Amino acid sequence: MSEDEEPDENENGDGDEDVYDGPGTADDLPLFRENDIFYLLSQHRKRAVVLTVAMAPWGRVHLRQLAEVVSLLEADADRQTVSTKTVTNTRTNLKRSHLDGLVNAGIVQWDPEESDVLTAGPAFGCALGTLLSGGYSLGRAPADA
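Okay, so let's go over this structure. Computed from a prediction, not measured in an experiment: that's the story for all the values here.

What counts, and at which threshold
- Residues numbered from 1 in each chain as written.
- Predicted model: local features only at pLDDT ≥ 70, side-chain atom pairs only at ≥ 80, totals over all residues.
- Heavy atoms only, no water.
- Helix = DSSP H or I, 4+ residues; strand = E, 2+ residues; numbered from the N terminus.
- Buried < 20%, exposed > 50% of the residue type's maximum accessible area, 1.4 Å probe, protein only.
- Contact = heavy atoms within 4.5 Å.
- Axes fitted to C-alpha atoms, helices over the stretch in contact; angles between N-to-C directions.
- Parallel < 35°, antiparallel > 145°, perpendicular 65-115°, else oblique.
- Nonpolar A, V, L, I, M, F, W, Y, C, P; charged D, E, K, R; others polar.
- Core = buried A, V, L, I, M, F, W, Y, C linked by side-chain atoms within 4.5 Å.
- Salt bridge = Lys/Arg side-chain N within 4 Å of Asp/Glu carboxyl O.
- Pairing = 2+ DSSP bridges.
- Expected span 1.5 Å × (residues − 1).
- Arc of directions from axis to C-beta.

The number of helices and strands found in the chain is six helices and three strands. Shown N-terminal to C-terminal, the secondary structure of the chain runs as helices and strands in the order α-α-α-β-α-α-β-β-α. For the chain, the residues scored as buried account for 28% of the 145 residues in total. In the chain, once contacts between residues fewer than 6 apart in sequence are set aside, the share between residues at least 24 apart is 53%.

Next up on the list: the packing of helix α3 (residues 44–55) against helix α6 (residues 124–133). Between α3 and α6, the shortest axis-to-axis distance is 10 Å and the interhelical angle comes to 105 degrees. When the axis of α3 is compared with that of α6, the two are roughly perpendicular. Of α6, the residues touching α3 (which contributes Arg47, Val50, Leu51, Val53 and Ala54) are Phe124, Ala127, Leu128 and Leu131. Taken together, the residues that form the contact of α3 with α6 break down as eight nonpolar, no polar and one charged.

Looking now at the nonpolar core. By size, the foremost hydrophobic cluster in this structure holds 27 residues, and its most contacted members are Val49, Val50, Leu66, Leu94, Ile107 and Leu118. Of all the secondary structure elements, the ones that give two or more residues to this core are α2 (37–40), α3, α4 (63–75), α5 (84–104) and α6. With five residues, the top contributor of residues to this core is α3. Once residues lying within four places of it in the same chain are set aside, the contact partners of Val50 are Leu41, Ile107, Phe124, Ala127, Leu128 and Leu131.

A few words on the pattern of salt bridges. This model, assessed by the stated rule, comprises three salt bridges. For Arg45, the salt bridge goes to Glu74, with nearest N and O atoms at 2.6 Å. Residue Arg45 is found in helix α3, and its partner Glu74 is found in helix α4; the two are separated by 29 residues along the sequence.

For the rest of this paragraph, the subject is the side chain of Thr90. Locating Thr90 in the fold gives a position in helix α5. The exposure class of Thr90 is buried, given its relative accessible area of 3%. Among all residues touching Thr90, those that are not within four sequence positions of it are Arg45, Ala67, Val70 and Ser71.

Take the sheet that holds strand β3 (residues 117–120) next. Hydrogen bonding along the main chain pairs the strands of a sheet, whether they run parallel or antiparallel. A sheet is described by the order of its strands in space; here three strands give the open sequence β1-β3-β2, paired in antiparallel fashion. Only two strands of the sheet have a single neighbouring strand rather than two, namely β1 (60–62) and β2 (108–110). Sheet twist, expressed as the average angle between the axes of neighbouring strands with direction ignored, equals 30 degrees. Examined bridge by bridge, β1 and β3 share three bridges and lie antiparallel to one another. In the sheet register, His62 faces β3, and the bridge partner there is Val117. Each of β1, β2 and β3 is contacted by α3, which is oriented at about 80 degrees to β3, the strand it contacts most.

Take α4 next. Within an α-helix, residues lying three or four positions from one another point in the same direction, as the helix has 3.6 residues per turn. Counted at 1.5 Å a residue, the expected span for α4 with its 13 residues is 18 Å, and the 18 Å between its end C-alpha atoms agrees. All of the buried residues in α4 are Leu63, Leu66, Ala67, Val70 and Ser71. Relative to the axis of α4, the buried residues are bounded by an arc of 130 degrees and lie together on one face. Lining the buried residues of α4 we find α3, β1, α5, β2 and β3.

Written out as structure tokens, the structure is:
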């Protein structure tokens, strides 16, 4: 470079550190997307859904059973101490807030013949592998290990 030319700001590190020079625009690259596996699995109830389906006999779990498992885990209690109202509230919350994201991402799917039965979806293995490699189980989170 000659003395008359001004240096490129990015070459010297004096320029904008946030410059993105890949395909698309920086606005096309959010920090997370609602169907991103890490975003989805950041919520404990979604993790519980994946782990419960993984351990369910025949790879199927009824929504009511799922709500019972989640309620018991959250209460850290045995079956007799969790009220029916708590299980019903958990079931409603799962349907309204958690299952749609998992279904849309292909992690779980509704059985076409039984609307309240959940099965593994095409992306289930990826989600389960992510949880297991992070040390999650239904019994404890990685921090408890």
